[in-house]
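So you can see what is in the structure, the chains are spelled out below.
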Amino acid sequence: MDAVPPWLCSSTTARPRMTQSFEKDSGVLFVVTGEHWTWAATEAARSVAASNPWLKIGIFTDQLEVAPLFHFVGPILPGESRRKHEYVGRSPFARTLYLDSDTRVTSDLADMFRLLDRFDVAGVQVRYRSSPRRLGRHTVDVPQAFPQINCGVLLYRKCPATDALFRLWIELYREGGSTRDQIPFREALWRSDARFYALAPEYNNCNVPLLPRKGPLPLILHINWLHSPSPDRKSTRLNSSHT
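Residues numbered from 1 in each chain as written. Predicted model: local features only at pLDDT ≥ 70, side-chain atom pairs only at ≥ 80, totals over all residues. Heavy atoms only, no water.

Caption draft 1: Structural view of the overall build of the chain. Along the chain, the regular secondary structure elements total five helices and nine strands. Starting at the N terminus, the α and β elements of the chain follow one another as β-α-β-β-β-β-α-β-β-α-α-β-β-α. Out of the 243 residues in the chain, the part that is buried amounts to 50%. Within the chain, contacts between residues at least 6 apart in sequence are counted, and of these 76% link residues at least 24 apart. Total accessible area on the chain is roughly 12,000 Å²; 52% of this is exposed by carbon and sulfur atoms. (Helix = DSSP H or I, 4+ residues; strand = E, 2+ residues; numbered from the N terminus. Buried < 20%, exposed > 50% of the residue type's maximum accessible area, 1.4 Å probe, protein only. Contact = heavy atoms within 4.5 Å. Areas by Shrake-Rupley, 256 points an atom, 1.4 Å probe, with all protein chains shown as cover.)

Set out below in structure tokens:
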């Protein structure tokens, strides 16, 4: 995977594991518009396919041509919103990991998906959660001890509680005139009946470790510069196979 040290990417054949019953109904979802962002999502999807071949991969996009590695392609029509909260509830999978397009998956995620046996939704708390920008609110005075969740890596299962959560997220976003989706999501989650689990930082790691370390290694990298391709690669890889 591009820009990711080889030692960080575990082999899917190195650690045999039991097949889980939920695997046939689990998948990763991307929501993007435009050629560049669809390309970026495709690169992220390649990392999913390489590290988790058991996972299906879906995308909502306004592009007519996408790489063959996607098992599901949902259209975003001209004039429609591309905001993720408008689409996460439309996932074709019973268990979904939504990922932003500036992510890379480096290891098997079956253990992560097992959380949905007990919880409805899971995500990682933002790093700079005490900054004023992260403490913005819409209508409810949410405790500072209940911080924003980084919505670029969001695990959830299809159920009435998450359906209601996502509907409230959309409603609060529209009511508040938000430009950032994490402020209304924080309030929606606070008001929701969905069972929430706070994931460890390695599921939304914002830097690439230069050397192996004793602590947990990143399972999901989420770094803005992963949006930026090498010019000689972008034009040749969009429609190529992931193998």
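Caption draft 2: Quick peek at the sheet that holds strand S2 (residues 56-61). Sheet architecture is open: seven strands sit in the order S3-S2-S1-S4-S7-S6-S8, paired in mixed fashion. Every other strand in the sheet has two partners, leaving strand S3 (72-75) and strand S8 (196-198) as the edge strands with one partner each. Pairs of neighbouring strands in the sheet enclose a mean axial angle of 20°, with direction left out of account. Alignment of strand S4 (residues 95-99) against strand S7 (residues 149-157), held across five bridges, turns out to be antiparallel. Bridging across to S7, Tyr98 finds its partner in Leu154. Set on the sheet, helix H1 (residues 35-51) makes contact with strand S1 (26-31), S2 and S4; between it and S2 the angle comes to about 175°. Where helix H4 (residues 182-191) meets the sheet, its contacts fall on strand S6 (121-125), S7 and S8, and the angle it forms with S7 comes to roughly 45°. (Pairing = 2+ DSSP bridges. Axes fitted to C-alpha atoms, helices over the stretch in contact; angles between N-to-C directions.)

Caption draft 3: Fine view of H4. With seven of its 10 residues buried, H4 lies for the most part within the structure. Of the positions making up H4, those classed as buried are Gln182, Pro184, Phe185, Arg186, Glu187, Ala188 and Leu189.

Caption draft 4: Geometry of H1. The first and last C-alpha atoms of H1 sit 25 Å apart over 17 residues, in line with the 24 Å expected at 1.5 Å per residue. Counting buried residues along H1, 13 of its 17 residues qualify, which places the element largely inside the surrounding structure. (Expected span 1.5 Å × (residues − 1).)

Caption draft 5: Spotlight on the side chain of Ser51. Examined against the element boundaries, Ser51 turns out to sit in helix H1. Here the side chain of Ser51 touches Ser47 through a polar contact of 2.7 Å, landing on its backbone oxygen. (Polar contact = N/O pair within 3.5 Å; in protein donor to acceptor, adjacent residues only side chain to side chain.)

Caption draft 6: Here's a closer look at the confidence of the model for the chain. Per-residue pLDDT for the chain has a mean of 83; in total, 77% of the residues score no lower than 70. The low-confidence segment residues 11-15, where pLDDT is below 50, has seven contacts with residues more than four positions distant or belonging to other chains. Confidence drops under pLDDT 50 across residues 231-243; counting only partners more than four residues distant or on other chains, this segment forms 28 contacts. (pLDDT = per-residue confidence, 0-100.)

Caption draft 7: Seen up close, the environment of Asn52. With respect to the helices, strands and loops of the structure, Asn52 is situated in the loop between H1 and S2. Distance in space between the C-alpha atoms of Asn52 and Asp108 is 5.5 Å, their sequence separation being 56 residues.

Caption draft 8: Quick peek at the packing of aromatic side chains. Summed over all chains, the structure comprises eight aromatic pairs. Between Phe146 and Trp190, the ring centres sit 5.1 Å apart and the planes meet at 65°, which makes this aromatic pair edge-to-face. Taken together, the positions of Phe146 in the loop between S6 and S7 and Trp190 in helix H4 put the pair 44 residues apart, joining distant regions of the chain. When its relative accessible area of 39% is taken as the criterion, Trp190 is described as partly exposed. Between Tyr156 and Phe166 the ring centres are 4.9 Å apart and the planes differ by 85°, which places this aromatic pair in the edge-to-face class. Of this pair, Tyr156 sits in strand S7 while Phe166 sits in helix H3 (residues 160-176), placing them 10 residues apart in sequence. You'll find Tyr156 and Phe166 in the same group, each marked buried. An aromatic cluster is present here, built from Tyr156, Phe166, Trp169 and Phe185 joined pairwise through their rings. (Phe/Tyr/Trp six-rings, centres within 6.5 Å; stacked < 30°, edge-to-face > 60°.)

Caption draft 9: Summary view of the pattern of salt bridges. In this structure the tally under the stated criterion is nine salt bridges. A salt bridge links Asp120 to Arg157; its shortest N-O distance comes to 2.9 Å. Pair noted here: Asp120 is in the loop between helix H2 (110-113) and S6 and Arg157 is in strand S7, with a separation of 37 residues, a long-range link. Given the relative accessible area of 3%, Asp120 is considered buried. Using a relative accessible area of 24% as the deciding quantity, one classes Arg157 as partly exposed. (Salt bridge = Lys/Arg side-chain N within 4 Å of Asp/Glu carboxyl O.)

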